[in-house]
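As a plain string of letters, each chain reads:
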Amino acid sequence: MSEKIAVFGSTGNIGGLLTQKLAAAGYNVSGITRDKSKAISSGNISYIQYDYHKDEIPEELFTGTDRIFLASAPLDKFAPEFLNPVINRAKESGVKHIVFLSAMGANLADEAPLNIIEKHLKSSGLNYTILRPTFFMENFYPGFLSETIKGAGKIFVAADEKKSAFISSNDIAVAAFSVITSDKFFGGEYDMTGPETLTYSEAAKILSDKSGKQIEYVPISEDDMKNAMLDNGAPESVVEYLAGLFASVRAGYADRLTDGVETLTGRKPESLTEYAEKVADKL
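What counts and how
Residues numbered from 1 in each chain as written. Predicted model: local features only at pLDDT ≥ 70, side-chain atom pairs only at ≥ 80, totals over all residues. Heavy atoms only, no water. Helix = DSSP H or I, 4+ residues; strand = E, 2+ residues; numbered from the N terminus. Expected span 1.5 Å × (residues − 1). Buried < 20%, exposed > 50% of the residue type's maximum accessible area, 1.4 Å probe, protein only. Salt bridge = Lys/Arg side-chain N within 4 Å of Asp/Glu carboxyl O.

A. Main features of helix α6 (residues 200-211). With 12 residues, α6 extends 16 Å from end C-alpha to end C-alpha; this agrees with the ideal 16 Å at 1.5 Å per step. Taken together, the buried positions of α6 are occupied by Tyr200, Ala203, Ala204, Ile206, Leu207 and Ser208. Within two residues after α6, Gly212 carries a phi angle of roughly 75°, on the positive side.

Have a look at this one:
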């Protein structure tokens, strides 16, 4: 393939999968990562180490680049300060298309960091596509819930008994591949969910059934969740960001399904049961 695609988060859950899918399909890929030691080498992937909190925007990011998959660091309150200038530079450099990984519901809150980036991208004059997935199945493994699941068989979050439509990173990556390798999704905005809505109690039962390990959901208050995260060394900005996400769960905003995955990939999204079967021995 002649087109060059830059992928932010190229050693993370979604960006890593997307990078490998693009490389396997023959695209030339610039993998943007904060840690090149995690890079998986391939003949048509060149990695650029770039921590946008610390580093100047590397000029090589835009050299010959046709398309960019843009994603912030997880739960980053300060992302607009650093990623909006990347959008500006992409426009100046003649980038053809930016696919931005946002989050479901971000566009409903004016001051949400991801929405600030969305609005800047939409006003930039660039061709864009916005993906808004809901909570990742990978939060259970290998994400932020995995430590207490593995250590104590417990899930502690402030979600009450409200439902979420968990989505797999692979479905997001497959959708991103479809979007970033095509012109037909220009201007599209897609909310993306899994195939079912589940409470964390229901999710814990599925994880228990598939792993053979007793896993229990323990509802906690927002204050208890925040204090536990702070005690474990999480930055206050991250704690407040995550608390806001779970406030939206308790308000019922995560309890809905969309056809985003099927629209973009032509297939139904993976269920939590299917995901749990794949990671059962790791829980």
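B. Quick look at the pattern of salt bridges. As enumerated under the stated definition, the model contains 20 salt bridges in all. The shortest N-O distance in the salt bridge between Arg67 and Glu3 comes to 2.9 Å. One end of the pair, Arg67, is in strand β4 (residues 67-71); the other, Glu3, is in the segment before β1 (4-8), with 64 residues separating them in the sequence. We note that Arg67, like Glu3, is buried. As a salt-bridge pair, Glu118 and Arg132 come within 2.8 Å of each other at their nearest N and O atoms. Here Glu118 is found in helix α3 (residues 113-122), whereas its partner Arg132 is found in strand β6 (residues 127-133), with 14 residues between them in sequence. One exposure class covers both Glu118 and Arg132, and it is buried.

Geometry only, nothing functional implied.
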